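Read off the chains here:
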Amino acid sequence: MEKEEISQYFDSIIRNETDVSAGMAAIRTLLKVLEHSKSETVQELRVCLQEAIDAMRSTENPVTAIASGSELFLRFITLATLDTPSFAVCKGIMLGRGKAFYEKLVVARGKIAKAAAQFITDGSIILTHSKSRVVLQAMKEAAASNKIFEVYVTSSSPDNSGEEMCRNLTNLGISCTVILDSAMGYVMEKVDMVMVGAEGVAESGGVINKIGTNTMAICAREMKKPFYVLTESFKFSRIYPLNQIDLPDEFKYTSSTLNKNLKKEHPMVDYTPPQYINLLFTDLGILTPSAVSDELIKLYL
């Protein structure tokens, strides 16, 4: 597959399947590339897959989950390259492992949602930021258990993705109110908890997410409200930012924006340090931020 074809295939998944995240779409695209690759050696195949990753990273989609998911996918399938009699056998094993990896991730959101839904009780008031598919799924699980609760969601500038989140919640029969991003401090004193998703999880246990998440976390800590992050383990990334500046520019800005004067551009994501996070709900279990590094090591063993 050519780079342009790869980008188009990846974009079509994002555009036509709204329930699929950029990270999952990236893994599906890599599976497609792996299946149709005409490479004749493992080295050529690795180069082919890396070129596919580069093509996806150059699109206008968030790079964080693409980077972490793709890296973990490559690590998982290339464990099969040892002790195989031929490249054809090796490729078959890699493809099988890749499909198994993807199928495991497909059920991850449901596992996370069931665990997080138990923390939502009758009468709860929850604050969330932007749109998160896994947070939406958790609230759907809670509503299916006949729990009555209320949700505040930030409009989430600049794309106002919180409005879509509110519509989805309303369609599920869940009481939801959209608030201004700047109103999170005003609303914080009346909520029982904060639940957000994540674009990526750093080795420190901090998270990379839609711009404004860090502000919300600081506000929640100051007002002694639990701050929960719901995220799949394929978003665990081997990076260790110390502050906002440490985040790679390609994570913070779209591909087209990188060619502009970044001092005049607003970042799309920010970094929330681990000290502001109470728990992370993942498909690996409910973790404290300090446990992330141990789980990350296990993922790459």
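Rules and cut-offs
Residues numbered from 1 in each chain as written. Predicted model: local features only at pLDDT ≥ 70, side-chain atom pairs only at ≥ 80, totals over all residues. Heavy atoms only, no water. Core = buried A, V, L, I, M, F, W, Y, C linked by side-chain atoms within 4.5 Å. Buried < 20%, exposed > 50% of the residue type's maximum accessible area, 1.4 Å probe, protein only. Helix = DSSP H or I, 4+ residues; strand = E, 2+ residues; numbered from the N terminus. Domains from an automatic or database assignment. Contact = heavy atoms within 4.5 Å. Pairing = 2+ DSSP bridges. Axes fitted to C-alpha atoms, helices over the stretch in contact; angles between N-to-C directions. Phe/Tyr/Trp six-rings, centres within 6.5 Å; stacked < 30°, edge-to-face > 60°.

**What to know about the nonpolar core**
For step 1, the next point in the chain: Leu127 and Phe227 are the most contacted members of the largest nonpolar core, which has 59 residues in total.
For step 2, the next point in the chain: Per-element accounting of this core gives the leading share, nine residues, to helix α2 (residues 22-36).
For step 3, the next point in the chain: Each of two domains, domain 1 (3-108) and domain 2 (110-300), supplies a minimum of three residues to this core.
For step 4, the next point in the chain: Setting aside residues no more than four positions away along its own chain, Leu127 makes contact with Tyr152, Ile179, Met184, Met188, Val191, Met193, Val194, Met195 and Met216.
For step 5, the next point in the chain: By size, the runner-up hydrophobic cluster in this structure holds 27 residues, among which are Ala116, Leu136, Met139 and Met165.

**Quick notes on the sheet that holds strand β8 (residues 269-272)**
For step 1, the next point in the chain: An order of β5-β6-β8 is seen for the three strands of this open sheet, with the pairing classed as antiparallel. Unpaired on one side and paired on the other, β5 (200-201) and β8 mark the two borders of the sheet.
For step 2, the next point in the chain: In terms of strand pairing, β5 meets strand β6 (residues 207-210) through two bridges, oriented antiparallel. Paired with Val201 across the bridge in β6 is Val207.
For step 3, the next point in the chain: Packed on one face of the sheet, helix α10 (residues 213-222) meets β6 and β8 and runs near 35° to β8.

**What about the packing of aromatic side chains?**
For step 1, the next point in the chain: Evaluated as defined, the whole model comprises five aromatic pairs.
For step 2, the next point in the chain: Residues Phe119 and Tyr228 carry aromatic rings whose centres are separated by 5.6 Å and whose planes lie at 75° to one another, so their mutual orientation is edge-to-face. Here Phe119, found in the loop between α6 (108-117) and β1 (125-128), pairs with Tyr228, found in strand β7 (residues 227-230); they are 109 residues apart in sequence, far enough to count as distant.
For step 3, the next point in the chain: Using a relative accessible area of 31% as the deciding quantity, one classes Phe119 as partly exposed.
For step 4, the next point in the chain: Between Tyr228 and Phe281 the ring centres are 5.5 Å apart and the planes differ by 90°, which places this aromatic pair in the edge-to-face class. With Tyr228 in strand β7 and Phe281 in strand β9 (residues 279-282), this pair connects stretches of sequence that are 53 residues apart.

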